[in-house]
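Analysis of the macromolecular model
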Amino acid sequence: MSDDLHLWRIDAPGQTLVLSSDGGLPGALYWGPALLPETDLAALARACEQEVTGGMIDRLPPLSLCPEASLSFEGQPGLVAYRDGAPLHPRFRLEDTNGAQFTCRDRDLGLTLFFDFEVRGETIAASTTLISDREVTLHHLAAPVLPGPQMGHEIVDVSGRWIGEFQIERAPWRAGIHTREARTGRSGHEHPPLAYFPEAGASNTQGTVFSMHYGWSGGHVMLAEELPSGRRQIQWGHATGTRAAGTKFRTAPLYLAVSQAGFNGCAVAFQRLLRDHVVVWPKPETPRPVHYNCWEAVYFNHDFAVLSEIAERAAKLGAERFVLDDGWFGRRDDDTSSLGDWDIDRRKWPEGLTPLIDHVERLGMTFGLWVEPEMVNLDSDLARAHPDWLLGPADQIEGRQQRVLDLSRDDVRAHLFRKLSTILSENRIDYLKWDHNRLLPIANAAQAEGVYALLRDLRTAFPEVEIESCASGGGRIDAGILSLTQRVWLSDSNDALERLRIQHDAALFLPIPVTGSHVGPRICHTSGRSIDMPMRAWVAAQRHMGFEMNPRELTEAEAEVLTRVTAWWKHNRHWRMGADILRLDSADDTVIAEQQRAADGSRFVVFAGKARTSHQIMPRPLRLTGLDPQALYRIDLVNREELHHLSRGRTALKGGPLTLSGQILMQQGLTLPWQFPETIWVIEGEKL
């Protein structure tokens, strides 16, 4: 070990990052579970020394926070840039640090790198900034590069599609690069900027897991590389080649979490990060309201009398916010026209939106409105007046009959701000559903920066208006957009069976209060599947609850179930909106189960959904997690009335509440009553 090696540690709850430098770029000496405060870092450095013998390698260059090609690094460098057409191969030296920011320079090339670290909740936020004294063209700049776990066998990341978001993908660590890149101009259904790196044997509830989230909405790249030497590195940055030439570049924050309690430990760290440190709540003391959205009831066919009746029925069911969706502006009778013309359609609303808002408020609800400011139809007054405002070539392939406005332009953002400000100023609106229904025609980071700037201006001017990020459902979900919004529409699918799985996997990242989930129509509009009301209602009640069917279609029995479940949701939202979601390891792979645990550990609720027919007759026990093994808990089945007459056994939960220790609940588990597929059990637990 070099005598002039310098060491620093950054501690967050549950994890420690140790950096080292011998004068060059600092690197991650250790990233893992929290070290004891008295840990001898010099001894740690000696223990981490490596030796390579044989082959062509004389010495391994350091795996630094920004690996340098100039050091004969055999992997992907952390900086790829050009000046006057020539590639740059900098050699940085550490010049200054306070232990949280590290300043490194190559004075010959006039380049400076800043590495910044900040503890945010139970995560560490890490970012890189490049400053050049002359203009450079940047191809790739990595957020601080960290080593991949040597004990891991696989990389767990996320794919998806419209109405099929948050699909878990598993790839083995192997020689070479595992790359995921999102070039659609948003974080995307296809490549959400989230990855987990478990050590061998890790499950939802046990084992060591590392995780990373890149908090950026405009497209990203992740590289998980096993080098020829066997070392591993993980890089994140903006999608390659998506930034204009300039003199200053900054990555988004890369959020780091480590857990020795399985995937759940990292998931909870991210849930708390978003809920408590990223999202800015407009009215933090106001309970999260039950939504009603009229989209799947009327689509573009707006009629005051019809919507008034629907609002009355929604309020009776328990709705507290009424959202008027697409179709209120321009001459918007379908999706082929009027995007960009954000003026109230006087054919449908001759007196404006005020009569509907007044009616909604008399019913005890607030009013919300759908917008899609980033988009434009060619058949619109805006596109005809300003064809130069459209992003991309004139002959581009359209998506959903629409184009994209170039929000990197000051004049475009100013126009949209004026239009949206007028709507918000002239109407009592407390919520915007902000949609984004097509991909960008070209990958352009400046577009995301422009969206952020517009949202910041609106948040400043209207700080009490809540905004939902909806991008064809779950196409733009990340910490960047959630720093400026308060809710996401997780999927356009209201199919309860699909959402059961989507919500379960999205819990690796998303907390309850930001995750919109609605009770859809009896026959789902995206799957054609018919699902009974208890399943639809309870799955929506797992997250931020709402309705999106036509309430006039409900039978008396369906309305009674929905009203009862909504009342349960309201009764429990005071603790559940701050609860952690713990995914449960089910011995029966047809059961998708989670446990929502109160912040103080005093209570919990378990949702156990049966997605399909089990392989065996007898239900297998479901182990709970995160309880006090010494404590006693009172357990009760919330929806006992949904027991089927074919469930003939003597399962104890059928008869009434049980008192069991945390140890039994976590070791033996709960035996659930038998039930048909496409049903769900809801179990409450209270610590005695």
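Rules of the game
Residues numbered from 1 in each chain as written. Predicted model: local features only at pLDDT ≥ 70, side-chain atom pairs only at ≥ 80, totals over all residues. Heavy atoms only, no water. Disulfide = S-S within 2.5 Å. Buried < 20%, exposed > 50% of the residue type's maximum accessible area, 1.4 Å probe, protein only. Salt bridge = Lys/Arg side-chain N within 4 Å of Asp/Glu carboxyl O. Helix = DSSP H or I, 4+ residues; strand = E, 2+ residues; numbered from the N terminus. Axes fitted to C-alpha atoms, helices over the stretch in contact; angles between N-to-C directions. Parallel < 35°, antiparallel > 145°, perpendicular 65-115°, else oblique. Left-handed = near helix turned anticlockwise from the far one by under 90°. Contact = heavy atoms within 4.5 Å. Pairing = 2+ DSSP bridges. Polar contact = N/O pair within 3.5 Å; in protein donor to acceptor, adjacent residues only side chain to side chain.

**What about the state of the cysteines?**
On inspection of all chains with the given rule, the structure shows 0 disulfides. Of all cysteine sulfurs, the one in C104 lies closest to C66, which takes part in no disulfide; the gap is 9.2 Å. We classify C66 as buried; its relative accessible area is 2%.

**Description of the pattern of salt bridges**
Oppositely charged side chains are able to pair whenever their charged atoms sit close together. All told, the structure shown has 47 salt bridges when counted by the stated rule. The residue D116 makes a salt bridge to R250 at a minimum N-O spacing of 3.8 Å. On the criterion of sequence distance, the pair formed by D116 in strand β8 (residues 111-120) and R250 in strand β18 (residues 246-250) is long-range, its members being 134 residues apart. Connected through salt bridges with shared partners, the residues E122, R272, D580 and R597 form a single ionic network.

**Quick notes on the packing of helix α4 (residues 304-317) against helix α5 (residues 354-362)**
Between α4 and α5, the least distance of the axes is 10 Å, while the angle of their chain directions is 15°. It follows from the interaxial angle that α4 and α5 lie roughly parallel. The chirality of how α4 crosses α5 is right-handed. Across from F304, L307, S308, A311 and E312 in α4, the residues of α5 making contact are P355, L356, H359 and V360.

**Concerning the side chain of S20**
Checked against the element boundaries, S20 lands in strand β2 (residues 15-21). The class of S20 is buried, set by a relative accessible area of 14%. Aside from chain neighbours lying at most four places away, what touches S20 is L5, H6, L7, W8, L25, P26, G27 and L29.

**Digging into the sheet that holds strand β16 (residues 220-226)**
Taken together, 4 strands build an open sheet; the order of strands is β10-β17-β16-β13 and the sheet is antiparallel. Each edge of the open sheet is held by one strand with a lone partner, namely β10 (146-147) and β13 (176-181). Pairing of β10 with strand β17 (residues 232-238) involves 2 bridges; the strand directions are antiparallel. Across the sheet, L146 pairs through a bridge with I234, a residue of β17.

**Notes on the pairing of strand β12 (residues 164-172)**
The side chains of a regular strand alternate between both faces of the sheet. Sheet topology places strand β11 (residues 154-161) next to β12; 7 bridges connect them, and they run antiparallel. Its bridge partner being in β12, S159 is matched across the sheet by Q167. Between β11 and β12, which follow one another and run antiparallel, lie 2 residues, and I163 among them has a positive phi close to 55°.

**Structural notes on the sheet that holds strand β32 (residues 603-610)**
A sheet is described by the order of its strands in space; here 6 strands give the open sequence β30-β31-β32-β35-β33-β34, paired in antiparallel fashion. Edge strands, defined here as strands with exactly one partner in the open sheet, are β30 (580-583) and β34 (658-661). Sheet twist, expressed as the average angle between the axes of neighbouring strands with direction ignored, equals 25°. Bridge count between β32 and strand β35 (residues 679-687): 8 bridges; the pairing is antiparallel.

**Observations regarding the environment of H644**
Its place among the elements puts H644 in the loop between β33 (632-637) and α13 (652-655). With 418 residues separating them in the primary sequence, H644 and E226 have C-alpha atoms 53 Å apart. Among residues more than four places away in sequence, those in contact with H644 are Q675 and F676. A distance of 3.0 Å separates a polar side-chain atom of H644 from the backbone nitrogen of L646.

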